[in-house]
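Topology and contacts: notes
One-letter residues, chain by chain:
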Amino acid sequence: MANDEPILSYLTDMDGVLVHEDHLIPGADTFLRELRENEIPFLVLTNNSIRTPRDLQARLRHSGLDIPQEAIWTSALATATFLDDQRPNGTAYVVGESGLTTALHEIGYVLTDSDPDYVVLGETRTYSFEAITTAIRLVERGARFIATNPDATGPSRDGVLPATGSVAALITRATGRDPYYVGKPNPLMMRSALRRLGAHSQSTVMIGDRMDTDVISGLEAGMRTILVTSGISTVASVGAYPYRPTAVIDSVADLVGRTRTPFDE
């Protein structure tokens, strides 16, 4: 894939790329403003399924970024899109918060603990022993096991928190059944985002701060990738992986002035 081919659209991770713990990463607002001024379509992606796009829009606005709801794509929305394609108007038992339950309601799913088609596990800050026990029993009875993303931990001001992947491991250990993860690094999330954007992988760039989710999923979806070192990954950590991003930069501020040709030297 030629790196001098013009870029027509962008997918970008949120945490570590645009914001860090609700604080604007310097230059992120200027980068997004340039995309809008040049009429370059973009979607902001997040593996976190807790919040709805409206909630995330408010969170980002508080950080200094004005991003429309339609430009936000979550693992909850990707999961709902996948389930709507696989089994329209189905039923699910959900362990998660409003971002996930709202996405499933919007595709016509009925949320129930009575013989559901799926057990769907998402992010939540209030995992209950009762809910996890119900999920285990339903999976044992034949419900298909879906999880929004495989992230084992999530950040907080006090340190890491157990995330979807950790709770999924608990359910797997109890049932012997692995979930199907929809979010990154599954390229399915990238492909659903591309469809939402009406974009083609060859003319779209994926920007992220993690080699093991953002870069690999962008690569497997056929996109060129940019790793920023404003989040998790460092320049030194890139060499630990058997694949490489198309480019490594300090932050999205480095793309200002060259969003059409980000790989020009």
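On a predicted model such as this, the values are computed, not experimentally measured, just so you know.

Mapped onto the fold, arginine 210 is located in the loop between strand 13 (204-208) and helix 8 (211-220). Taking the C-alpha atoms as reference points, arginine 210 and valine 17, 193 residues apart in sequence, are found 9.7 Å from one another. Aside from chain neighbours lying at most four places away, what touches arginine 210 is Val215, Leu227, Ile232 and Ser233.

Let us now look at the pattern of salt bridges. Tallied over the entire structure, the rule returns five salt bridges. When the shortest N-O distance is used, the salt bridge between lysine 184 and aspartate 214 registers 2.7 Å. Linking lysine 184 in the loop between strand 12 (180-181) and helix 7 (187-197) with aspartate 214 in helix 8, this pair joins segments that are 30 residues apart in sequence. A salt bridge links arginine 210 to aspartate 212; its shortest N-O distance comes to 3.1 Å. Residue classification places arginine 210 among the partly exposed residues on the basis of a relative accessible area of 32%.

Let us now look at the packing of aromatic side chains. Two descriptors summarise a pair of aromatic rings, namely the distance from one centre to the other and the angle between the planes of the rings. Inspection of the entire model under this criterion finds four aromatic pairs. Measuring from ring centre to ring centre gives 6.5 Å for tyrosine 109 and tyrosine 118, while their planes differ by 35°; the resulting arrangement is tilted. For the pair shown, tyrosine 109 and tyrosine 118 are each scored as buried. Positioned over the ring face of tyrosine 118 is arginine 144, at 5.9 Å from the centre of the ring.

A word on the pairing of strand 14 (residues 224-228). Most of strand 14 sits out of view: five of its five residues are buried. Covered by surrounding structure in strand 14 are Arg224, Ile226 and Val228 together with Thr225 and Leu227, the residues of both alternating faces. In the sheet, strand 13 pairs with strand 14 via four bridges, with the strands oriented parallel. When the sheet's bridge partners are listed, isoleucine 207 is paired in strand 14 with isoleucine 226. Following the chain from strand 13 across helix 8 to the adjacent parallel strand 14, one finds a crossover that is right-handed. Two elements, strand 14 and strand 15 (residues 247-249), share three bridges in a ladder whose sense is parallel.

Spatially, the five strands line up as an open sheet ordered 7-6-8-9-12, and their pairing is parallel. Each edge of the open sheet carries a strand with a single partner, namely strand 7 (110-111) and strand 12. With two bridges connecting them, strand 9 (residues 144-147) and strand 12 associate as parallel partners. Across the sheet, residue alanine 147 finds its bridge partner in strand 12, namely tyrosine 181.

Let us now look at helix 1 (residues 28-37). Three or more residues of helix 1 are buried, namely Ala28, Phe31, Leu32, Glu34 and Leu35. The arc that holds every buried residue of helix 1, seen down its axis, measures 155°, which confines them to one face. Along its buried surface, helix 1 packs onto strand 1 (9-13), strand 3 (23-24), strand 4 (42-46) and strand 13.

Here helix 6 (residues 164-175) is twelve residues long and its end C-alpha atoms lie 16 Å apart, about the 16 Å a rise of 1.5 Å per residue gives. Of the positions making up helix 6, those classed as buried are Thr164, Gly165, Val167, Ala168, Ile171 and Thr172. Buried residues of helix 6 fall within an arc of 160° about the axis and therefore sit on the same side. Those residues of helix 6 that are buried lie in contact with strand 8 (118-121), helix 5 (129-140), strand 9 and strand 12. Just beyond helix 6, the residue with positive phi is glycine 176, at close to 75°.

About the thresholds
Every chain begins its residue count from 1, and numbering advances along the sequence as written. Per-residue local features are limited, in this predicted model, to residues with pLDDT of at least 70; the limit for side-chain atom pairs, both in listing and counting, is 80 or more; totals at the level of whole chains, interfaces and linings are taken over all residues. Side-chain measures were taken over the full set of non-hydrogen atoms in the model, leaving aside hydrogen atoms and water. Helix and strand definitions follow DSSP, with helices as H or I runs of at least four residues and strands as E runs of at least two, each counted in order from the N terminus. Here, residues are in contact when the closest pair of their heavy atoms is within 4.5 Å. Every case where a carboxyl oxygen of Asp or Glu lies within 4 Å of a side-chain nitrogen of Lys or Arg is listed as a salt bridge. Think of it in three bands: with a 1.4 Å probe and only protein chains considered, a residue is buried below 20% of the maximum accessible area for its type, exposed above 50%, and partly exposed in between. Working definition: a ring pair exists when centres of Phe, Tyr or Trp rings (six-membered ring for Trp) sit within 6.5 Å. Plane angles under 30 degrees give stacked, over 60 give edge-to-face, the rest tilted. Each ring is checked for a lysine NZ or an arginine CZ that lies within 6 Å of its centre and within 35 degrees of its normal; such an atom marks a charge sitting over the ring. Note on pairing: two strands pair once DSSP finds at least 2 bridges between them. Clockwise travel from the first strand over the helix to the second, with the strands pointing away from the viewer, marks a crossover as right-handed. Starting at the helix axis, one direction is taken to each C-beta atom, and the arc is that of these directions. One less than the residue count of a helix, multiplied by 1.5 Å, gives the span that helix is expected to have.

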